[in-house]
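Listed below, chain by chain, are the residues.
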Amino acid sequence: MVLEGNPEVGSPRTSDLRRPGTQGSCVLSSPGEDAQPGEEPIKYGELIVLGYNGCLASGDKGRRRSRLALSRRPHANGVKPDVMHHISTPLVSKALSNRGQHSISYTLSRSHSVIVEYTHDSDTDMFQIGRSTENMIDFVVTDTSPGGGAAEGPSAQSTISRYACRILCDRRPPYTARIYAAGFDASSNIFLGERAAKWRTPDGLMDGLTTNGVLVMHPAGGFSEDSAPGVWREISVCGNVYTLRDSRSAQQRGKLVENESNVLQDGSLIDLCGATLLWRTPAGLLRAPTLKQLEAQRQEANAARPQCPVGLSTLAFPSPARGRTAPDKQQPWVYVRCGHVHGYHGWGCRRERGPQERECPLCRLVGPYVPLWLGQEAGLCLDPGPPSHAFAPCGHVCSEKTARYWAQTPLPHGTHAFHAACPFCGAWLTGEHGCVRLIFQGPLD
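Throughout what follows, the structure given in this document is the object of discussion. These numbers come from a predicted model, not from an experiment.

**A short note on the pattern of salt bridges**
Alright, step 1. Evaluated as defined, the whole model comprises 16 salt bridges.
Alright, step 2. The salt bridge involving Arg67 is made with Glu46; its shortest N-O contact spans 2.4 Å. Of this pair, Arg67 sits in strand 4 (residues 67-71) while Glu46 sits in strand 3 (residues 43-49), and the two are 21 residues apart along the sequence.
Alright, step 3. Here Arg67 falls in the partly exposed class, since its relative accessible area comes to 23%.
Alright, step 4. Take Glu46: its relative accessible area is 9%, and that puts it in the buried class.
Alright, step 5. The salt bridge involving Asp123 is made with Arg172; its shortest N-O contact spans 2.6 Å. Of this pair, Asp123 sits in the loop between strand 7 (112-121) and strand 8 (124-130) while Arg172 sits in the loop between strand 10 (165-170) and strand 11 (177-181); the two residues are 49 residues apart in sequence, bridging distant segments of the chain.

Structure follows, in structure tokens:
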């Protein structure tokens with residue numbers, strides 16, 4: 001065995017790990033070691049899973065939820081690279097048998113592996129994300145299906161890794177958060193097998209990609225009213241940034257993007273090949289609408305007493321406490337091609353085009369006719385604007401700028417496809433613009 005001490009391995013662009021023996025559950029309310037009794041812990045940011053309108057269908061429970069805050073832990077659990085070993089395969093199991101030693105194993109051939117060991121880093125906290133329900137995973141994420149359906153239980157067909165990625169947060173201002181592909185298993189190890197994409201970097205270090213990859217997109221202009229979608233990149237195990245592979249699991253890596261980093265920004269999207277997460281910073285969340293503001297907007301919209309232009313019945317958005325069940329009698333419905341809002345009616349069906357295809361009685365356009373539901377996940381909204389637009393064809397309602405941003409944001413799907421989707425339910429968007437301006441009729445009196 002050859003032991004190499006490499007001082008360059010500790011670069012911030014390389015992997016960071018957690019302290020041996022610490023549990024992985026997130027600190028949501030326990031004060032950090034610098035906080036005074038009764039003070040809230042310092043929040044690094046929040047992760048929001050796209051496709052859930054504020055809560056999992058079965059309810060948020062423990063580490064399995066639609067939204068999770070990452071806060072400073074009572075004690076640092078970060079780990080940073082220490083030394084690199086070149087070893088023969090028979091010695092691999094022995095070298096990795098110590099559960100108190102975090103490491104990444106790169107299998108180059110049947111007779112040659114490289115193992116990078118890590119040591120405790122008192123300056124960072126680590127949070128792990130993946131499909132596994134083991135203790136080292138802080139945020140349990142399962143596959144989200146288009147249209148709001150979700151495989152919330154274990155699935156043999158899941159494409160999300162059990163140990164998908166990890167986020168390292170600096171414990172001191174400005175509390176920078178960095179993302180890395182792959183998380184550490186119950187033995188505190190990451191294994192990149194012989195078939196995994198891996199390589200030696202120009203400075204003599206090792207790096208690699210996971211099977212289905214971890215993709216990140218940073219929005220241009222931040223996550224605000226002036227935001228525009230950025231470019232999707234792939235993050236390596238050591239936190240370097242690469243262009244996308246030809247397909248999700250291709251052996252050949254993309255090109256290194258030297259002028260970009262793995263630092264998460266407000267509005268950064270993280271795709272785990274089966275679920276997409278949105279990162280919000282504390283400063284960004286202060287600009288986002290609150291649940292009280294969303295409720296005030298709902299009450300204001302209902303106070304205007306919009307009416308069905310044909311049945312002349314008064315329409316009203318249901319309370320979010322009622323949940324998304326069957327539409328009630330006052331539920332507003334919309335023709336998603338034209339945006340005309342009606343109450344429910346049974347006429348105008350075009351059965352030759354499908355059960356949801358109706359002809360609008362006002363403009364005669366034929367298209368889906370669906371109930372309207374208010375978007376209730378405030379962290380997905382770019383601004384606190386009025387609920388004036390609906391996504392097509394699902395009917396989720398939000399502000400104009402929020403609707404237009406998500407309608408032009410391609411989200412990864414499968415091995416090489418991208419689709420714009422409703423952030424509240426995950427339904428693929430259709431039509432020319434993916435959303436429509438709502439046209440309400442006020443009361444005749």
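**Quick look at the sheet that holds strand 9 (residues 139-140)**
Alright, step 1. On the basis of which strands lie adjacent, the open sheet formed by 4 strands has the order 9-8-10-11 and mixed pairing. Looking along the sheet, the strands with just one partner apiece sit at the ends: strand 9 and strand 11.

**Some points on the environment of Leu312**
Alright, step 1. Inspection of the secondary structure assignment puts Leu312 in the loop between helix 3 (291-303) and strand 20 (333-335).
Alright, step 2. Once the C-alpha coordinates of Leu312 and Gly343 are considered, the two residues, 31 residues apart in sequence, prove to be 8.4 Å apart.

**Things to note about unusual backbone geometry**
Alright, step 1. Note that the residue after Pro173, namely Pro174, is joined by a cis bond; omega there is 5 degrees.
Alright, step 2. Locating Pro174 in the fold gives a position in the loop between strand 10 and strand 11.
Alright, step 3. With omega at 15 degrees, the peptide bond leading from Ala392 into Pro393 counts as cis.
Alright, step 4. For Tyr175, which is not glycine, the phi torsion reads 60 degrees and is therefore positive.
Alright, step 5. Of note, Leu312 is a non-glycine position whose phi angle comes to about 60 degrees, a positive value.
Alright, step 6. Residue Leu312 is classed as partly exposed on the basis of its relative accessible area of 43%.

**Quick word on the environment of Tyr344**
Alright, step 1. One can find Tyr344 in the loop between strand 21 (341-342) and strand 22 (357-359).
Alright, step 2. Contacts of Tyr344, omitting those with residues within four sequence positions, involve Gln331, Trp333, Arg358 and Tyr369.

**Section: the sheet that holds strand 20**
Alright, step 1. Pairing is antiparallel in the open sheet, where 4 strands are placed in the order 21-20-23-22. The sheet terminates laterally at strand 21 and strand 22, the two strands that pair on one side only.
Alright, step 2. Pairing geometry for strand 20 and strand 21, over 2 bridges, is antiparallel. Residue pairing across strands places Trp333 opposite His342, the latter belonging to strand 21.

**Quick look at the packing of aromatic side chains**
Alright, step 1. A complete count under the given rule lists 13 aromatic pairs for this structure.
Alright, step 2. Taking the centre distance of 6.1 Å and the plane angle of 55 degrees together, the rings of Tyr44 and Tyr175 count as tilted. You can see Tyr44 sitting in strand 3 and its partner Tyr175 sitting in the loop between strand 10 and strand 11, a full 131 residues away along the chain.
Alright, step 3. Site record: aromatic cluster; members linked through ring pairs are Trp333, Tyr335, Tyr344 and Tyr369.

Rules behind the numbers
Residues numbered from 1 in each chain as written. Predicted model: local features only at pLDDT ≥ 70, side-chain atom pairs only at ≥ 80, totals over all residues. Heavy atoms only, no water. Salt bridge = Lys/Arg side-chain N within 4 Å of Asp/Glu carboxyl O. Helix = DSSP H or I, 4+ residues; strand = E, 2+ residues; numbered from the N terminus. Buried < 20%, exposed > 50% of the residue type's maximum accessible area, 1.4 Å probe, protein only. Pairing = 2+ DSSP bridges. Contact = heavy atoms within 4.5 Å. Phe/Tyr/Trp six-rings, centres within 6.5 Å; stacked < 30°, edge-to-face > 60°.

As far as function goes, none of this settles anything; it's purely spatial.
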